[in-house]
Structures are given as C-alpha cells and as structure tokens.
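One-letter residues, chain by chain:
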Amino acid sequence: MKITKASVNITSPGRNFVTLKVETDAGLYGLGDGTLNGRELAVAGYLGDHLIPCLVGRDPFDTEDIWQYFYRGAYWRRGSVTMTAIGAIDMALWDIKGKALNTPLYNLLGGKSRNGILAYAHANGKDIDHALEDVARHKELGYKAIRVQSGFPGVSSTYGVPKGAGRYEPAERGLPSEQQWATEPYLRHVPRLFARVREQFGEELHLLHDCHHRLTPIEAARLGKELEPFHLFWMEDPTPAELQEGYRIIREHTTTPIAVGEVFNSVWDAHDLIRNQWIDYLRMTLAHGGGITPMKKAADFAALYHVRTGFHGATDLSPVCMAAALHFDTAIHNFGIQEHMPHSGETDAVFPHHYSFKDGFLFPGDAPGLGVDLDEKLAAQYPYQRAYLPVNRKLDGTLTDW
Ligand code: KDG
Ligand code: MG
C-alpha cells in the first residue's frame, strides 16, 4: 500500500479542530487529530508545508519508521507544534492499519485489558453551592469520578469555571481575555470546597481537582496535605513541570496523588517525574505527545514505576483523538482514568463516531481502526475562527504560570 495524498482540514463547529486525512492507493484513508488549542494554524502550516510532502509515496504500515523519520530526520526535535503534527500523522497511519486489517485499533495495541474506560467529568460553579449542584448533576448522569472546580472570594473570575450559564469551553473566540488569580484565598478555599463535597456525597465518588500550574511546589505541598482527609483521586498540575525536581518537594509532603502532563509533548518532559516516582498519573495526550507510537512506549516506561495514564480529554481534542485515546485506554495495562468533556452536538455531527458513554464508563466501539469519521461537507460550513485560552494575572498585574 502507498500513501497517495494527505490533506489538512480546519473546521470550527463551536471551536477549532485540525484534522489530517491520509489517503492510500488501496482506497482506504485514516484520520489524525492535529488540534493545538490557540495555535491551530501553526500545526496546519507545519503539516502542509513541511511534513506532507515527505509523507506521500510511503507505506502507511511503516508506523515506526515514519515516526522516527519525522522525529529524528528533522534535526529540530520536540515542541508542541512539531509533536502535534507528527502525532496527527501517526494517528492517521494507525487508523489505516486497523482498517486494512479490519480490526479495531485496540487489537493492534494488545487487545482488551478491560471492559470499560473509567471517565471523569468536570463539575464547576461560581461558588461552592453552585459547584455542589453541578456535582449532583454529573452524578445523576452516571459519572463515578468528578473533577470539582469553583470560583473563590477575592477574584472576579477563575479559569476552569464558566463566566455565565451554558457549557464550559476553555478557549474563547477573538483575542485572549484576561482573568484573575490570587493564591492565598484559593489555598484557603479549596479544602472547604472538598469538605462540603464529601459531606454531601460521601466517600464513594472519585474526586479530582486541577490547580492549572498556579502554585509553587511548597504551596502545592500545603494544599495536598490539607486535602488528604478528602481522599482525592488526584491533584492535577499543581506546579509547572519544566523543573521536574520541583515535584520532589510536593511528593515529600503529601500522600494526595499527583497528575501532570497535559502540556507535555515528549517522554523527556516526564522522564525524571516518572523514574523518581514523583507523580502517579501521566496526562500527556496522544495528539500532543507525538501519536500512538511514542505514547505506547511512554506508557510502558511509566508502568515500570507504578505511574498510570490519565489522558487529557478536554473539548480542544477532537473526537478523532478521543477515539484513539479510548482504544489505547482499553489496551494498555497501566490505564488510570480518562478525562471526558463531551463535545457539542455540532462537533459530534462533524465527526461521527462509534465510541459511547454509559454509567460512568466510555467504550471505543468495535469498528475497524479508530472508528471515527469526518463529514467534510458539514465541516466546510464552520470556517476557522481565531480563538485563544485566557491569560491569567495576579491581582497586582503579574502574569501567572499556566
Ligand atoms: O487546551 C487546554 C485546556 O483544555 C485545558 O486548560 C483544560 O486543564 C484542562 C483540563 O484539565 O482539561
Ligand atoms: Mg488540566
């Protein structure tokens, strides 16, 4: 089989998505997600200008060699744009492989290690009472694991909490908006939030919280320690991870499990975190981590150190990435949990798919390959619209970490 053509589709059914379609002389095609929130056109350009010309003519079964060719052959390695572009190609090739062999992707990665994928939802509220209402709503929908975020006194808006009614979408159209941050009131507020959640919902529910990299290691250590009585499933992104050894400080002070990595793009971003057992869950996704080929190796490496996966699954990853993630989650042994922020009806219509949700679990379906498609006609009705994640500043105007 030979690759005859590859093209990039950009569509915005409520938010922007970049999809790579790789076509072959066997009449089969594969899809890969190349969406990088707020930097979509950079990945599309990188694919179109630099990678696609080198892809045409190759055998799509050669997933390992093609991945190494783009990773090693470029001289310039890593970075979110590069790795998302390589990831889109890799995902599309595995989709073709599954279709050619007439089997779902999970069978190519080890078969079924479990029957369903434990999913966690997002519950948000402008204050504790509203957050509790949203936890109750998600529990009613069947979720067994819920991430809880709420606004806190002293700031006018908080990242991760919608400003008005309606569904929460991290990116906003137009230029970046600015939001506020204040560490002390946040640190006082979060233990109160989780005390109330446990009081109302008991011990059975898995609870998660995302700090969005806003804390220093010692502040995160304090928060983790104060959250211990509420037995969180994880505390996410407590501190930026460029300095991996910062996580040692958190680890030495608290038994609250730690998840990190939605901004990572290589196993080298997590090498020390994993081998020193400073984290419990790796959140790097298939799309941003360079695709299925390197992520299988990263997951196997993590397994040696008792680290499990907890893939990022926010709405900025398209249904193509969600489908790939669910096959991966089904197959690997050290799966932990999968983030699930359901896409809008418009997005689901543009990307018809076989995966499904029931009683707190996700299922990849049994269609060959990824089991997801792109309705190009419908996609063309939603042209790209510039959008960014918000920027956050402390009350004195200083930019925060992300
Ligand atoms: O693109 C980034 C957002 O999806 C991210 O900020 C959401 O932190 C997030 C999460 O855990 O889903
Ligand atoms: Mg996060």
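The structure this text deals with has already been given above.
The numbers attached to residues start from 1 for each chain and follow its sequence in the written order. Chains and ligands are labelled by the order in which they are written, letters from A for the one and numbers from 1 for the other. This being a predicted model, a pLDDT of at least 70 is required before a residue's local features are given, and a value of 80 or more before pairs of side-chain atoms are given or counted; all residues contribute to the totals for chains, interfaces and linings. Hydrogens and water are ignored here; the side-chain numbers use all heavy atoms of the structure.

Caption draft 1: Geometry of the overall build of the protein. Summing up its helical and strand segments, the protein has 13 helices and 17 strands in all. Every radius of gyration here is taken over C-alpha atoms, with the globule rule written as 2.2 Å times N^0.38, N being the number of residues. For 402 residues, the compact-globule estimate of 2.2 N^0.38 gives 21 Å, and the protein sits close to it at 20 Å. Once the C-alpha set of the protein is aligned to its principal axes, its extents read approximately 60 × 45 × 40 Å. Expressed as a percentage of the 402 residues in the protein, the buried residues total 59%. Two residues form a contact once any of their heavy atoms are found within 4.5 Å. Residue pairs in contact within the protein that sit at least 24 positions apart in sequence constitute 73% of those at least 6 positions apart. All accessible areas in this document rest on Shrake-Rupley with a 1.4 Å probe, and a residue is counted as covered only by the protein chains that are shown. Approximately 16100 Å² of the protein is accessible, and the part contributed by carbon and sulfur atoms is 52%. Counting rule applied: Lys, Arg positive; Asp, Glu negative; His and chain ends not counted. To locate a charge, take atom NZ for lysine, CZ for arginine, CG for aspartate or CD for glutamate. On the protein, the mean spot of the 40 positive side-chain charges and the mean spot of the 49 negative ones are 1 Å from each other. Helix and strand assignments follow DSSP, with helices taken as H or I runs no shorter than four residues and strands as E runs no shorter than two, numbered in order from the N terminus. Three labels apply to residues, based on accessible area from a 1.4 Å probe with only protein chains included: buried if under 20% of the type maximum, exposed if over 50%, partly exposed otherwise in between.

Caption draft 2: Region of interest: the sheet that holds strand β2 (residues 17–24). Spatially, β1-β2-β3 is the arrangement adopted by the three strands of the open sheet, whose pairing is antiparallel. Of all the strands in the sheet, just β1 (3–11) and β3 (29–33) have a single pairing partner and so form its edges. The sheet shows a mean angle of 20° between the axes of neighbouring strands, taken without regard to direction. Relative to β3, β2 is paired through five bridges, and the arrangement is antiparallel. Looking across to β3, one finds that Leu20 is bridged to Gly32. To get an axis, fit a line to the C-alpha atoms, keeping to the stretch in contact for a helix; angles then go from 0 to 180 degrees between the N-to-C directions. Sitting on the sheet, helix α1 (residues 40–55) is in contact with β1 and β2, with an inclination near 175° to β1. When DSSP locates at least two bridges between a pair of strands, those strands are taken to pair.

Caption draft 3: Region of interest: α1. Note that the bend at a residue is defined as the angle between axes fitted to the seven residues ending at it and the seven residues starting at it. The largest bend along α1 measures about 40° and falls at Gly48. For α1, the elements touching its buried residues are β1, β2, α2 (63–72), α3 (80–100) and β16 (387–388). Where α1 terminates, the next one or two residues include Gly57, which has phi positive at roughly 100°.

Caption draft 4: Inspection of the packing of helix α7 (residues 217–227) against helix α8 (residues 246–253) at higher detail. Relative orientation of the contacting elements α7 and α8 amounts to 25°, with a least axis distance of 8 Å. As summarised for this structure, α7 and α8 are arranged roughly parallel, according to the angle between their axes. Between α7 and α8 the crossing geometry is right-handed. In contact with Pro217, Ile218, Ala220, Ala221 and Lys225 of α7, α8 contributes Gly246, Ile249, Ile250 and His253. When residue character is reported, Ala, Val, Leu, Ile, Met, Phe, Trp, Tyr, Cys and Pro are called nonpolar, Asp, Glu, Lys and Arg charged, and the others, Gly included, polar. Looking at the contact of α7 with α8, its residues break down into six nonpolar, two polar and one charged. Our angle categories are set so that under 35 degrees counts as roughly parallel, over 145 as roughly antiparallel, 65 to 115 as roughly perpendicular, and the remainder as oblique. Throughout, a crossing is termed right-handed when the near helix is turned clockwise from the far one, and left-handed when it is turned anticlockwise from it by less than a right angle.

Caption draft 5: Spatial organisation of the site of ligand 1. Each residue is tested against the molecule or strand, and it is near if at least one of its non-hydrogen atoms lies within 4 Å. Asn37, Tyr159, Glu262, Asp316 and Glu339 are the nearest of the 16 residues found near ligand 1. Throughout this description, a polar contact denotes any pair of N or O atoms lying within 3.5 Å of each other; where both atoms belong to protein, one of them has to be capable of donating a hydrogen while the other can accept it, and for residues adjacent in sequence the pair is counted only when both atoms sit in side chains. Asp210 places a polar side-chain atom, nitrogen or oxygen, 3.0 Å from an oxygen atom of ligand 1. For ligand 1, whose accessible area on its own is 330 Å², the fraction buried by protein is 95%. Taken together, the residues of the shell around ligand 1 sort by class into five nonpolar, four polar and seven charged.

Caption draft 6: Looking closely at the environment of Tyr382. Position of Tyr382 among the secondary structure elements: in the loop between α13 (376–379) and β16. Expressed as a C-alpha distance, the spacing of Tyr382 and Gly14, which sit 368 residues apart in the sequence, is 8.1 Å. The residues contacting Tyr382, other than those within four sequence positions of it, are Ile10, Thr11, Ser12, Pro13, Glu346 and Val350.

Caption draft 7: Region of interest: the coordination of the magnesium ion (ligand 2). We call an atom a donor if it is N, O or S and sits within 2.8 Å of the metal, or 3.2 Å for Na, K and Ca. Water is not counted, so some sites may look partial. Taken together, the protein donors to the magnesium ion (ligand 2) comprise Asp210 (OD), Glu236 (OE) and Glu262 (OE), at separations of 2.0 to 2.1 Å. Read in sequence order, the donor residues coordinating the magnesium ion (ligand 2) give the pattern D-x25-E-x25-E. Here Asp210, found in strand β8 (residues 206–210), pairs with Glu262, found in the loop between β10 (258–260) and α9 (271–275); they are 52 residues apart in sequence, far enough to count as distant. Judged by its relative accessible area of 15%, Glu262 falls in the buried class.

Caption draft 8: Representation of the pattern of salt bridges in the model. One side-chain nitrogen of Lys or Arg within 4 Å of one carboxyl oxygen of Asp or Glu is enough to make a salt bridge. Tallied over the entire structure, the rule returns 22 salt bridges. Across the pair Lys297 and Glu64 runs a salt bridge, and its minimum N-O distance is 2.7 Å. Placement of the pair is Lys297 in helix α10 (residues 292–303) and Glu64 in helix α2, with a sequence separation of 233 residues. Residue Arg283 is joined to Glu262 by a salt bridge in which the shortest nitrogen-to-oxygen separation is 2.9 Å. Highlighted residues: Arg283 in the loop between β11 (281–282) and α10 and Glu262 in the loop between β10 and α9, separated in sequence by 21 residues. The exposure class assigned to Arg283 is buried, which follows from its relative accessible area of 0%.

Caption draft 9: Geometry of the side chain of Thr315. In this structure, Thr315 sits in the loop between β12 (308–311) and α11 (319–331). The class for Thr315 is buried, based on a relative accessible area of 3%. Here the side chain of Thr315 touches Glu169 through a polar contact of 2.8 Å, side chain to side chain. In this structure Thr315 touches Arg15, Phe17, Arg167, Glu169, Pro170, Met341, Pro342 and His343, once residues within four positions along its chain are discounted.

This is a description of form; function is not addressed.
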